[in-house]
Amino acid sequence: MDNKGVLFLSDIFILLIVSILVIATITTVMDLSHEKILDSVESNLERRTIGVIDNLIKNHGFPDNWDYQNDINTIPGLGGENNTISFNKLMSLKKSYNRLIDEKIFQNEIKSSIAIYPINSKISPIEFGDNENLNLISNVVSVKRLVKCDFLTRFKILDFKDDKKDLCINPTHHKEGWICKPFSVHKKDLEFNDYYLLFNDKIVNSYWTINNPSNMGEDEHSINTNSYRINSILEKQIDNSIQMIFWIHIKLDANEINNFNGCLIAIPKDFNIDEVLIDGLKFEYFQYNDCYLILKTWH
């Protein structure tokens with residue numbers, strides 16, 4: 001009986017060890033299978049995310065001017081002119097993000113967010129999509145692309161640093177340090193647009209003036225701030241004329257010539273500029289800027 005008892009306990013011990021080994025093996029296999037499934041899901045999500053962001057950047061969407069349409073058949077794309085992405089399309093995407101991205105592209109199977117981070121630190125980043133609980137989510141796929149964005153360049157009339165040299169109507173301005181450029185305005189344009197001179201910085205000992213061929217008088221304005229609304233000046237000079245050619249004259253201090261940059265813009269009065277400009281009206285928003293476009297996705 002003692003030998004049989006010892007054998008019986010040995011059998012139980014061996015069976016217990018075998019059972020533990022089997023359970024451990026099954027658990028390991030299940031864990032590996034689960035990891036493979038997760039890896040496969042994450043890999044598929046990454047491939048899909050890459051495909052979506054590259055497609056948004058490379059294509060203009062349908063129709064090409066979908067950002068000015070309100071059609072349920074719209075296909076989003078951010079492609080703009082000259083290998084840029086369109087800021088207007090980006091803002092239109094922001095307004096209809098759930099319909100255009102979550103529903104149309106991801107069929108509500110994936111959650112996502114998009115952000116654009118300008119390399120120029122003077123422009124604030126813009127984020128939209130499902131960002132509320134993003135910091136609490138693990139396994140987020142993030143794909144980044146370097147792009148050039150046109151921001152608000154469609155509102156720019158003159159660039160004071162372009163290579164074109166205009167022969168000024170005032171012969172005393174044909175010297176070093178003068179930038180003189182013409183622009184045309186219809187009287188009705190002043191009813192619908194706000195005109196601004198924008199400068200990249202305060203310029204010491206420099207000034208600007210505006211006149212026209214029939215009125216050569218020049219009221220000098222020191223460049224001591226970054227923006228000037230000039231509607232009142234244009235309205236006074238255009239008076240009862242239907243249209244007028246104006247000249248903007250900028251006289252730069254010799255030490256400021258290499259540092260200077262600026263432009264003339266016309267913003268439609270019905271355009272809500274505050275929705276776009278987070279940190280005020282700035283020269284940088286009216287230039288092409290390098291940015292990182294980031295698409296984040298998760299389940």
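Use the structure listed above.
What counts and how
- Residues numbered from 1 in each chain as written.
- Predicted model: local features only at pLDDT ≥ 70, side-chain atom pairs only at ≥ 80, totals over all residues.
- Heavy atoms only, no water.
- Phe/Tyr/Trp six-rings, centres within 6.5 Å; stacked < 30°, edge-to-face > 60°.
- Helix = DSSP H or I, 4+ residues; strand = E, 2+ residues; numbered from the N terminus.
- Buried < 20%, exposed > 50% of the residue type's maximum accessible area, 1.4 Å probe, protein only.
- Lys NZ or Arg CZ within 6 Å of the ring centre and 35° of its normal.
- Pairing = 2+ DSSP bridges.
- Contact = heavy atoms within 4.5 Å.
- Axes fitted to C-alpha atoms, helices over the stretch in contact; angles between N-to-C directions.
- Salt bridge = Lys/Arg side-chain N within 4 Å of Asp/Glu carboxyl O.

> Can you tell me about the packing of aromatic side chains, naming the residues and giving the values?
Applying the stated rule across the entire model yields 9 aromatic pairs. Here F155 and F271 contribute two aromatic rings whose centre-to-centre distance is 5.1 Å and whose plane-to-plane angle is 65°, an arrangement assigned as edge-to-face. Taken together, the residues F155 in the loop between β3 (141-149) and β4 (156-159) and F271 in the loop between β11 (262-268) and β12 (289-298) connect sequence positions 116 residues apart. With a centroid separation of 6.1 Å and an interplanar angle of 70°, the aromatic rings of F199 and Y228 are classed as edge-to-face. Of this pair, F199 sits in strand β6 (residues 193-199) while Y228 sits in strand β9 (residues 227-229); the two residues are 29 residues apart in sequence, bridging distant segments of the chain. Owing to a relative accessible area of 13%, Y228 belongs among the buried residues under this scheme. If you follow K144 out to its NZ or CZ, it ends over the ring of Y292, 4.5 Å from the centre.

> Can you tell me about the sheet that holds strand β7 (residues 207-211), naming the residues and giving the values?
Strand order in the open sheet made by the 4 strands is β5-β10-β7-β8, with antiparallel pairing throughout. In this open sheet, the two edge strands, each paired with only one partner strand, are β5 (178-186) and β8 (221-222). The pairing of β7 with β8 spans 2 bridges and is classified as antiparallel. Each bridged residue has a counterpart across the sheet, and for W208 the counterpart in β8 is H221. This element, helix α5 (residues 231-238), spans β5, β7, β8 and β10 (243-251) of the sheet and lies at about 130° to β10.

> Lay out the sheet that holds strand β1 (residues 111-118) with the relevant residues and their values.
In any sheet, the strands associate via hydrogen bonds between backbone groups, in a parallel or an antiparallel arrangement. Judged by pairing direction, the sheet is antiparallel, and its 4 strands sit side by side in the order β2-β1-β12-β3 without closing on themselves. Taken across any chain shown, the strands that pair with only one partner, and hence form the sheet edges, are β2 (126-129) and β3. Averaged over all neighbouring strand pairs, the angle between strand axes comes to 15°, with direction disregarded. Summarising the sheet, β1 and β12 pair through 8 bridges and their orientation is antiparallel. Following the sheet pairing, P118 is matched in β12 by C291. Contacts between helix α2 (residues 87-95) and the sheet are confined to β1, β2, β3 and β12, with β2 contributing the most and set at about 40° to the helix.

> Explain the pairing of β7 residue by residue, including any values.
Burial within β7 is extensive, with 5 of its 5 residues counted as buried. Alternating positions in β7 separate into two faces, Y207, T209 and N211 on one and W208 and I210 on the other, with burial throughout. As paired elements, β7 and β10 share 5 bridges and run antiparallel to each other. Within β10, the position partnered with I210 by the bridge is I248.

> Explain the pattern of salt bridges to me, using residue names and the numbers behind them.
One side chain can pair with another of opposite charge once the charged atoms of both are near each other. Taken as a whole and judged by the stated rule, the model has 6 salt bridges. For the salt bridge of D290 with K148, the shortest nitrogen-to-oxygen distance reads 2.9 Å. One end of the pair, D290, is in strand β12; the other, K148, is in strand β3, with 142 residues separating them in the sequence. When its relative accessible area of 35% is taken as the criterion, D290 is described as partly exposed. As a salt-bridge pair, D194 and R229 come within 2.9 Å of each other at their nearest N and O atoms. Here D194, found in strand β6, pairs with R229, found in strand β9; they are 35 residues apart in sequence, far enough to count as distant.

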